[in-house]
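Survey of secondary and tertiary structure
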Amino acid sequence: MPEKKTLKRAARDKRQGKAASTQAGEFVREEIHHIREGKHGARSTKQAIAIGLSKARKAGVELPVPERGTVPETTRRSAKRALEAGRKKTKRKPSPRRSRAMHRKLEREGHAAASHAALSRQAKAQAKKRTAAERSRIARKASRTRARNQRKRSSRSGS
């Protein structure tokens, strides 16, 4: 269950018209904090991010399922299930037995996955995979939303 703070931050991002991935970033951030404070570990930085994204989908963030061929089929199915769970009004309580088992498993994992170096390596590896067209598209969208938010802010302060 995500913390109230995280849900509030994600809701604020949604109100500001930010992308679903930005909203989901709040859940990933929470997961990294959990690993750093010793709540549990993760086998890799990728796993820590995946846990955060799954939590985001279950919390109702409309994060699209990865394209076919980009990730293993099991990951796509899992993402699809999490997205469906997030769309449902009535949430089913997680099985305590399964929840405990997963928590114990994660507790045995290391904490290096959330280190600054590991996160930096992960980010650089992902950036390297992006094409010039993708980078350009992302930058254009960022400038559009940034411009919109700054216009709103300046109009408020002018009154």
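Presented here is an overview of the structure given in this document. (Residues numbered from 1 in each chain as written. Predicted model: local features only at pLDDT ≥ 70, side-chain atom pairs only at ≥ 80, totals over all residues. Heavy atoms only, no water.)

**Side note on the environment of H103**
Selection rule: Under the DSSP-based scheme used, a helix requires at least four consecutive residues in state H or I and a strand at least two consecutive residues in state E, with every element numbered from the N terminus.
Within the secondary structure layout, H103 lies in helix α5 (residues 96–107). Linking H103 and K39, residues 64 residues apart in sequence, is a C-alpha distance of 9.0 Å.

**Regarding the pattern of salt bridges**
Inclusion rule: When a carboxyl oxygen of Asp or Glu lies within 4 Å of a side-chain nitrogen of Lys or Arg, that pair is called a salt bridge. Summary of the burial criterion: residues with accessible area below 20% of their type's maximum are buried, those above 50% are exposed, and those between are partly exposed, where the area comes from a 1.4 Å probe applied to protein chains only.
One pass over the structure, following the stated rule, counts ten salt bridges. One salt bridge in this structure joins K55 and E30, with 3.6 Å as the shortest N-O distance. Note that K55 is positioned in helix α3 (residues 45–58) and E30 in helix α2 (residues 20–37), a separation of 25 residues in sequence. Take E30: its relative accessible area is 4%, and that puts it in the buried class. Measuring nitrogen to oxygen at the nearest pair gives 3.3 Å for the salt bridge that ties R87 to E84. Of this pair, R87 and E84 both sit in helix α4 (residues 73–87), separated by three residues, roughly a single helical turn. Each of the salt bridges in this network shares a partner with another, and the network as a whole consists of R9, E26 and R29.

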